[in-house]
Amino acid sequence: MSLKNDVLTMLQLKNGEYISGQELAEKSGKSRAAVWKAVKALQKDGYVINAVTNKGYSLTSEGDILSGAKIKNTMKHDISVIHYTETDSTNTQAKRLLSSGEANGTLLVTAEKQTAGRGRQGKTFYSPPHTGIYMSLIVHPNTMLQNAVTATTAAAVAVCRAIERLTDIRPQIKWVNDVYVNDKKICGILTEAVSDFELGIVTSVIVGIGINIKTNDFPDEVERAGSLNADIKRADLIGTVADELLDIIGGNCSDFIDYYRSHSMIIGKQINYIENGVVTPATALSIDEAGGLVVKTENGTEKTLKSGEISIRWQE
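In what follows, the accompanying structure is described. Just so we're clear, the structure is a prediction, and the values are computed from it rather than from any experiment.

### Notes on helix H5 (residues 90-99)
Taken residue by residue, H5 has Thr90, Asn91, Gln93, Ala94 and Leu97 as its buried positions. What you see down the axis of H5 is that its buried residues fit within an arc of 160°, all on one side. In the core, the buried residues of H5 are packed alongside strand E3 (80-84), strand E4 (107-111), strand E5 (132-139), strand E9 (184-196) and strand E10 (201-212). At the N-terminal boundary of H5, the capping side chain belongs to Ser89, with an oxygen 3.2 Å from the backbone nitrogen of Asn91. The first or second residue beyond H5 is Gly101, which carries a positive phi of 80°.

Okay, here's the thing in structure tokens:
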């Protein structure tokens, strides 16, 4: 952990009381000059830190700044949290950590900003700093391949439950796992599995989640995007989403499928689904026990979609 993060953690633990530069230096094993530079760096990041002669330093306001320690303090599950000021993609960084052997246990990776945020079907996820949350949870289910798909449905449920726990907003889910508020997409989810094909099991699952909290200016190519627009601390929402997901991701789809159904925004709607590059108009009928979408095509044929991409034929 960097000295800046060490100093931040010690300031947070003082709950607004002063701590001397000498004590910070002794506890961190660094010089007072190095501590002073770390404090200046934190102030540049947006933390409000008072410095008073003969008293030391006091963290008076953290605003909505994120840190690994701050996120971890909001959680009931005791897992490792790594926060980056900037990364290309939290899912991509999570893969790097897996490859290097640094993610043997459950790990939460977060970032203030993504320069190459990734969405489903090769799409990008707009990820500016300070207005959203960008997180990837690494779990190691060691479960059969066919059972790992429940992680995608579970992630959508976890996001909705967290939002409802912390706000008075009732979000909806567009199959498979986009979360909407007022017919605008406020959350995208990208789930990726790392598999052992010889054993036929998923060894690790990376669940990437991006939520627009107060993002308002979107690129022209981003369609039907919106924000949660709630008075909420991002660290609280990250921690609550991660806790909700950890509570259910190891279970069966039957444990949360009723909640998923009750928050579906597409049942009875006219949709288009894409399969093998072909766009087919259909009506969404229901969600089955495994989270599949039952649809009826225009020629009356019913089928169940297990994965893929759909779009709603909006009546503007």
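Once you've had a look at it, read on.
### Considering the packing of helix H6 (residues 150-166) against helix H7 (residues 234-248)
It is the contact of H6 with H7, at a shortest axis distance of 8 Å, that shows an interaxial angle of 135°. Taken together, the axes of H6 and H7 lie oblique to each other. Viewed along their axes, H6 and H7 form a crossing whose handedness is right-handed. Within the contact between the two elements, H6 uses Ala154, Ala155, Val157, Ala158, Val159, Arg161, Ala162, Ile163, Arg165 and Leu166 and H7 uses Asp236, Leu237, Thr240, Val241, Glu244, Leu245 and Ile248. Across the contact of H6 with H7, the residue classes tally to 12 nonpolar, one polar and four charged.

### Digging into the sheet that holds strand E12 (residues 278-287)
Reading across from one edge, E14-E13-E12-E11-E15 is the order of the five strands in this open sheet, with antiparallel pairing throughout. One side of each edge strand has no neighbouring strand; the edge strands of this open sheet are strand E14 (302-305) and strand E15 (309-312). On average, each strand axis in the sheet is tilted by 45° relative to the strand beside it, whichever way the strands run. Alignment of strand E11 (residues 270-275) against E12, held across six bridges, turns out to be antiparallel. Looking at E12, one finds that Ile271 is bridged to Ala282.

Definitions and cut-offs
Residues numbered from 1 in each chain as written. Predicted model: local features only at pLDDT ≥ 70, side-chain atom pairs only at ≥ 80, totals over all residues. Heavy atoms only, no water. Buried < 20%, exposed > 50% of the residue type's maximum accessible area, 1.4 Å probe, protein only. Helix = DSSP H or I, 4+ residues; strand = E, 2+ residues; numbered from the N terminus. Arc of directions from axis to C-beta. Contact = heavy atoms within 4.5 Å. Polar contact = N/O pair within 3.5 Å; in protein donor to acceptor, adjacent residues only side chain to side chain. Axes fitted to C-alpha atoms, helices over the stretch in contact; angles between N-to-C directions. Parallel < 35°, antiparallel > 145°, perpendicular 65-115°, else oblique. Left-handed = near helix turned anticlockwise from the far one by under 90°. Nonpolar A, V, L, I, M, F, W, Y, C, P; charged D, E, K, R; others polar. Pairing = 2+ DSSP bridges.

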